[in-house]
Amino acid sequence: MIRNGTVVDVETYCKDRKRPTDKENLRYILEVGNECPMCGKIITDFSADKHKLYEVAHIYPNSPTEKEMSVLSDVEVLGENSESFENKIALCRDCHKEYDEHKTIEKYNSMLNLKKKLLQNSKAQTALSHNVVEKELLDVVQQISSLSTNSDSISEMEPLSYTVMSVKAKIPSNNLLRTDVEGLVSNYFLYLKDLFKSLDEISFETIAASFKHSYCQALKEQLNQEEIFESLIDWVKSKTRCSRTVARILVSYFIQNCDVYGKISR
Ligand SMILES: [Zn+2]
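These numbers come from a predicted model, not from an experiment. (Residues numbered from 1 in each chain as written. Predicted model: local features only at pLDDT ≥ 70, side-chain atom pairs only at ≥ 80, totals over all residues. Heavy atoms only, no water.)

A. Spotlight on the layout of surface pockets. One number sums up the size of the largest pocket: a volume of about 450 Å³. What lines the largest pocket is a set of 19 residues, and nearest its centre among them are Arg17, Val56, Ala57, His58 and His96. Looking at the lining of the largest pocket, the elements that each hand over two or more residues are β3 (54-58) and α4 (93-100). Here the residues of the lining of the largest pocket are counted per class, giving five nonpolar, five polar and nine charged. What the second largest pocket holds in volume is close to 300 Å³. Along the walls of the second largest pocket sit 13 residues, with Glu31, Leu118, Leu119, Ser122 and Lys123 positioned nearest its centre. (1 Å grid on protein atoms, 1.4 Å probe; cavity = no way out; pocket = protein on both sides within 12 Å on 5 of 7 lines; lining within 4 Å. Points joined across faces, edges and corners; volume = space filled by probe spheres on them. Helix = DSSP H or I, 4+ residues; strand = E, 2+ residues; numbered from the N terminus. Nonpolar A, V, L, I, M, F, W, Y, C, P; charged D, E, K, R; others polar.)

See below:
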């Protein structure tokens, strides 16, 4: 099997079974958002006495059978050894049982890819959370949020009449994401443009720069456009505690108008 691009043998990779500590258990739960990543069932029921509804599964088995060793002889493995965080994943009991029985290379690889994706997402989230957002963004978010109760300013809002060219060019291959963003942009573009115009230059630059920084972080984690869109929304939400709707409006504006999804020029 292959670890980090080099061949490693089963004896070196497989270590004695290690039970996860409480802290490690929590990390596994958080990684999957308290849902079994295979079937979506809740894995910790905080309201019940028997709250633990998951098991921490080995992706590459801890003590593989002869058959498993031959089926999985050429696969990629994650982590330093079988007991590393990277080689384990929280699953509900049913999905764990299903995964452990009759292991095939397809089953193994799809579990491996799932774990890779989870590791990538949490790396991106950690990177984004270090991007401190300025007070200016909070103010903007508050103003957009006030639209939800202010019917006067909503009725005064003019939709964009021309096609949003730059969104088309920036999201060429994901039609659903593109129409989603185009819709948000055409409804709110002029309003946001005025809103940003009313800010001083430095405030706008500060907000634009923090979007650019977050975008670059997400890019570094090799997320696709939809994942970048979602991670920027999560970032705005976590920094400003605004609603998802408001965050989507704001992120779409920056896709249309700024560096998000565009080429980052030197
Ligand atoms: Zn499950």
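B. The arrangement of the side chain of Asn87 in detail. Positionally, Asn87 belongs in the loop between β4 (76-77) and β5 (88-92). Here Tyr13 takes part through its side chain, which lies 3.5 Å from a polar atom of the side chain of Asn87. Discounting chain neighbours no more than four positions away, the residues touching Asn87 are Tyr13, Ala57, His58, Ile59, Tyr60, Leu78, Asn81 and Ser82. (Polar contact = N/O pair within 3.5 Å; in protein donor to acceptor, adjacent residues only side chain to side chain. Contact = heavy atoms within 4.5 Å.)

C. Looking closely at the nonpolar core. Ile144, Phe196, Phe211, Val236, Leu250 and Phe254 are the most contacted members of the largest nonpolar core, which totals 40 residues. Sort the elements by how many residues they give to this core and helix α9 (residues 175-197) lands first, with 10 residues. When residues no more than four places from it in sequence are discounted, the contact partners of Phe211 are Leu137, Trp235, Val236, Leu250, Val251 and Phe254. Core analysis: the second largest hydrophobic core is formed by 30 residues, Val10, Val32, Cys36 and Val77 among them. (Core = buried A, V, L, I, M, F, W, Y, C linked by side-chain atoms within 4.5 Å. Buried < 20%, exposed > 50% of the residue type's maximum accessible area, 1.4 Å probe, protein only.)

D. Molecular detail of the coordination of the zinc ion. Around the zinc ion, the donor atoms from the protein are Cys36 (SG), Cys39 (SG), Cys92 (SG) and Cys95 (SG), and they sit 2.3 Å away. One can describe the donor arrangement at the zinc ion as tetrahedral, given that its four donor atoms subtend angles of 104 to 114 degrees at the metal. Motif for the zinc ion, donor spacing along one chain: C-x2-C-x52-C-x2-C. With Cys39 in the loop between α2 (22-31) and β3 and Cys92 in strand β5, this residue pair connects regions lying 53 residues apart in the sequence. (Donors = N, O, S within 2.8 Å, 3.2 Å for Na, K, Ca; no water. Tetrahedral: all angles 85-135°; square planar, octahedral: opposite > 155°, others 65-115°.)

E. Highlighting the packing of helix α10 (residues 201-220) against helix α11 (residues 225-240). At a closest axis distance of 10 Å, the pairing of α10 and α11 adopts a crossing angle of 135 degrees. Put simply, α10 runs oblique to α11. In this structure, α10 meets α11 at a crossing whose hand is right-handed. Within the contact between the two elements, α10 uses Ser210, Phe211, Ser214, Tyr215, Ala218 and Leu219 and α11 uses Ile228, Ser231, Leu232, Trp235 and Val236. Partitioning the contact of α10 with α11 into residue classes produces eight nonpolar, three polar and no charged. (Axes fitted to C-alpha atoms, helices over the stretch in contact; angles between N-to-C directions. Parallel < 35°, antiparallel > 145°, perpendicular 65-115°, else oblique. Left-handed = near helix turned anticlockwise from the far one by under 90°.)

F. Expanded view of the sheet that holds β4. What the three strands build is an open sheet, ordered β2-β1-β4; its pairing is mixed. Two strands in the sheet have a free side with no partner beyond their single neighbour: β2 (6-7) and β4. (Pairing = 2+ DSSP bridges.)

G. Region of interest: the packing of aromatic side chains. Overall, the coordinates contain nine aromatic pairs when judged by the stated rule. Ring geometry for Phe211 against Phe254: centres 4.0 Å apart, planes inclined by 10 degrees, an arrangement best described as stacked. Taken together, the positions of Phe211 in helix α10 and Phe254 in helix α12 (residues 244-257) put the pair 43 residues apart, joining distant regions of the chain. By relative accessible area, which is 0% here, Phe254 ends up buried. Clustering of aromatic rings is evident, with ring pairs tying together Phe189, Phe196, Phe211, Trp235, Tyr253 and Phe254. (Phe/Tyr/Trp six-rings, centres within 6.5 Å; stacked < 30°, edge-to-face > 60°.)

H. Region of interest: α2. For α2, every residue scored as buried is listed here: Asn25, Tyr28, Ile29 and Glu31. Taken down its axis, α2 places every buried residue within 165 degrees of arc, on the same side. For α2, the exposed residues set more than 90 degrees away from the buried face come down to Asp22, Lys23 and Leu30. Once α2 ends, the next one or two residues include Gly33, with phi positive near 60 degrees. (Arc of directions from axis to C-beta.)

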